[in-house]
Amino acid sequence: MVTNTQGYMHVIEYLTEHLSIFETPEEELAANPTPAKASHSSIMSMIEEELSEQIIMVCSQNTELSFNQRNMIIREVDEIVYDLEEILSGIINNQVTEEQLNFIVEFAGLIKNLFDTEIHSPEFQSIE
C-alpha cells in the first residue's frame with residue numbers, strides 16, 4: 001500500500017536529508033533543553049502521537065472505509081513506525097526539542113497525504 005510507493009520513498013529520503021535535526025548531542029540537550037509539549041516527551045512518543053492523530057483524521061474523513069481497509073491502514077502505520085524506529089534507533093528515547101517536534105508534525109502530515117492519495121486510488125477502492 002503506502003510503504004511500497006514512490007511517495008513513501010521520497011518521504012523517507014526527506015527524513016534522511018534532515019537527520020541533522022535529530023543529531024543534537026546529549027550534552028547540548030542537557031545544557032540548553034528546549035522541550036516541546038510535555039517536558040518529558042521522547043522523540044518516539046511524539047512520532048507515535050502525531051502519526052496517530054493524522055491516521056485518526058484519515059479514518060474520520062473517510063467514513064466509507066471498510067473494516068479490512070482500516071486494518072490495512074493500521075498495519076501500514078505499524079510498518080512506518082518500525083521504519084522510523086530503525087532510522088532513529090540511537091535517539092528515539094531522547095527528549096524531543098521544539099525543532100524536532102515541528103519536523104515530526106510536518107512528517108506526519110506528509111504521511112497523511114500519502115494515505116489520502118492511496119485511499120482514493122482504484123486499487124485501494126477494490127479492497128473489501
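Everything here concerns the structure above.
Just so we're clear, the structure is a prediction, and the values are computed from it rather than from any experiment. (Residues numbered from 1 in each chain as written. Predicted model: local features only at pLDDT ≥ 70, side-chain atom pairs only at ≥ 80, totals over all residues. Heavy atoms only, no water.)

(A) Structural view of the nonpolar core. F22, I73, I111 and F115 are the most contacted members of the largest nonpolar core, which has 36 residues in total. Of all elements in the fold, only α1 (6-17), α3 (43-61), α4 (67-87) and α5 (98-119) reach the threshold of two or more residues within this core. Sorting elements by how many residues they give to this core places α5 first, with nine residues. (Core = buried A, V, L, I, M, F, W, Y, C linked by side-chain atoms within 4.5 Å. Buried < 20%, exposed > 50% of the residue type's maximum accessible area, 1.4 Å probe, protein only. Helix = DSSP H or I, 4+ residues; strand = E, 2+ residues; numbered from the N terminus.)

(B) Empty space enclosed by the protein, seen in detail. Going through the model one piece at a time under the given rule, you end up with one cavity of 30 Å³ or more. There is about 40 Å³ of room inside the largest cavity. Taken together, L15, F22, I47, L84, L88, F103, I104 and F107 form the lining of the largest cavity. No other element matches α5, which puts three residues into the lining of the largest cavity. Residues belonging to the lining of the largest cavity are distributed by class as follows: eight nonpolar, no polar and no charged. (1 Å grid on protein atoms, 1.4 Å probe; cavity = no way out; pocket = protein on both sides within 12 Å on 5 of 7 lines; lining within 4 Å. Points joined across faces, edges and corners; volume = space filled by probe spheres on them. Nonpolar A, V, L, I, M, F, W, Y, C, P; charged D, E, K, R; others polar.)

(C) A look at the environment of S60. Inspection of the secondary structure puts S60 in helix α3. The partly exposed category is assigned to S60, whose relative accessible area is 48%. From its side chain, S60 meets the backbone oxygen of M57 in a polar contact 3.1 Å long. (Polar contact = N/O pair within 3.5 Å; in protein donor to acceptor, adjacent residues only side chain to side chain.)

(D) Fine view of α1. The end-to-end C-alpha distance of α1, which contains twelve residues, comes to 16 Å, matching closely the 16 Å that a straight helix rising 1.5 Å per residue would cover. Listed as buried for α1 are Y8, V11, I12 and L15. In an axial view of α1, the angular spread of the buried residues amounts to 95°, which keeps them on one side of the axis. Of the exposed residues in α1, those oriented more than 90 degrees away from the buried face are Q6 and E17. Buried residues along α1 sit in contact with α4 and α5. (Expected span 1.5 Å × (residues − 1). Arc of directions from axis to C-beta. Contact = heavy atoms within 4.5 Å.)

(E) Just the side chain of Q100, in detail. Structurally, Q100 is set in helix α5. A relative accessible area of 2% places Q100 in the buried class. At 3.1 Å, the side chain of Q100 forms a polar contact with the backbone oxygen of I21.

(F) Geometry of the packing of aromatic side chains. Counted according to the given criterion, the structure contains three aromatic pairs. A ring pair is formed by Y14 and F103, whose centres lie 5.5 Å apart and whose planes are at 20°; its orientation type is stacked. Placement of the pair is Y14 in helix α1 and F103 in helix α5, with a sequence separation of 89 residues. Residue classification places F103 among the buried positions, given a relative accessible area of 4%. (Phe/Tyr/Trp six-rings, centres within 6.5 Å; stacked < 30°, edge-to-face > 60°.)

(G) Structural detail: the environment of Y14. A relative accessible area of 22% means that Y14 is categorised as partly exposed. For the pair Y14 and F107, spaced 93 residues apart in the sequence, the C-alpha separation amounts to 8.7 Å.

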